[in-house]
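Per-entry structural report
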Amino acid sequence: MMSLPFVLFACAIGAAWLRHRSVSVGFWLIGVVTMLILFHIHLTEDLMIQL
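The text that follows walks through the structure, step by step, so that each part is easy to find.

Time to look at helix H2 (residues 21–44). Here H2 is 24 residues long and its end C-alpha atoms lie 35 Å apart, about the 34 Å a rise of 1.5 Å per residue gives. When we look at burial in H2, the residues that qualify are Ser 24, Gly 31, Thr 34 and Leu 38.

What follows is the structure, encoded as structure tokens:
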């Protein structure tokens, strides 16, 4: 799940390499939003530690 933003960033780099600027910016923005959502989920989840 955490690899999804990096795949989106790789798609953004590929689109930029192919000179598709708007597609590249779109992939980049979706990657940033996905990373922020995953960080929020990671920081706010409860730890279920049982000893």
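Its place among the elements puts Leu 38 in helix H2. Leu 38 gets classed as buried once you look at its relative accessible area, which sits at 10%. Along the backbone, Leu 38 and Leu 4 are 34 residues apart, and their C-alpha atoms lie at a distance of 9.7 Å.

Over its 14 residues, helix H1 (residues 4–17) runs 20 Å from end to end, which matches the ideal 20 Å to within 8%, given 1.5 Å per residue. Among the structural elements, H2 are those in contact with the buried residues of H1. Positive phi appears at Arg 19, one or two residues downstream of H1, with a value of about 65°.

We now examine the packing of H1 against H2. Geometrically, a packed helix pair is captured by the angle between its two axes and the distance between the axes. Remark: H1 packs on H2, axes separated minimally by 8 Å, with the N-to-C direction vectors making an angle of 165°. As summarised for this structure, H1 and H2 are arranged roughly antiparallel, according to the angle between their axes. H1 and H2 meet at a crossing whose hand is left-handed. In this structure, H1 contributes Leu 4, Pro 5, Phe 6, Leu 8, Phe 9, Cys 11, Ala 12, Ala 15 and Ala 16 to the contact, and H2 contributes Val 23, Ser 24, Phe 27, Trp 28, Ile 30, Gly 31, Val 32, Thr 34, Met 35 and Leu 38. Residues belonging to the contact of H1 with H2 are distributed by class as follows: 16 nonpolar, three polar and no charged.

Rules of the game
Residues numbered from 1 in each chain as written. Predicted model: local features only at pLDDT ≥ 70, side-chain atom pairs only at ≥ 80, totals over all residues. Heavy atoms only, no water. Helix = DSSP H or I, 4+ residues; strand = E, 2+ residues; numbered from the N terminus. Expected span 1.5 Å × (residues − 1). Buried < 20%, exposed > 50% of the residue type's maximum accessible area, 1.4 Å probe, protein only. Contact = heavy atoms within 4.5 Å. Axes fitted to C-alpha atoms, helices over the stretch in contact; angles between N-to-C directions. Parallel < 35°, antiparallel > 145°, perpendicular 65-115°, else oblique. Left-handed = near helix turned anticlockwise from the far one by under 90°. Nonpolar A, V, L, I, M, F, W, Y, C, P; charged D, E, K, R; others polar.

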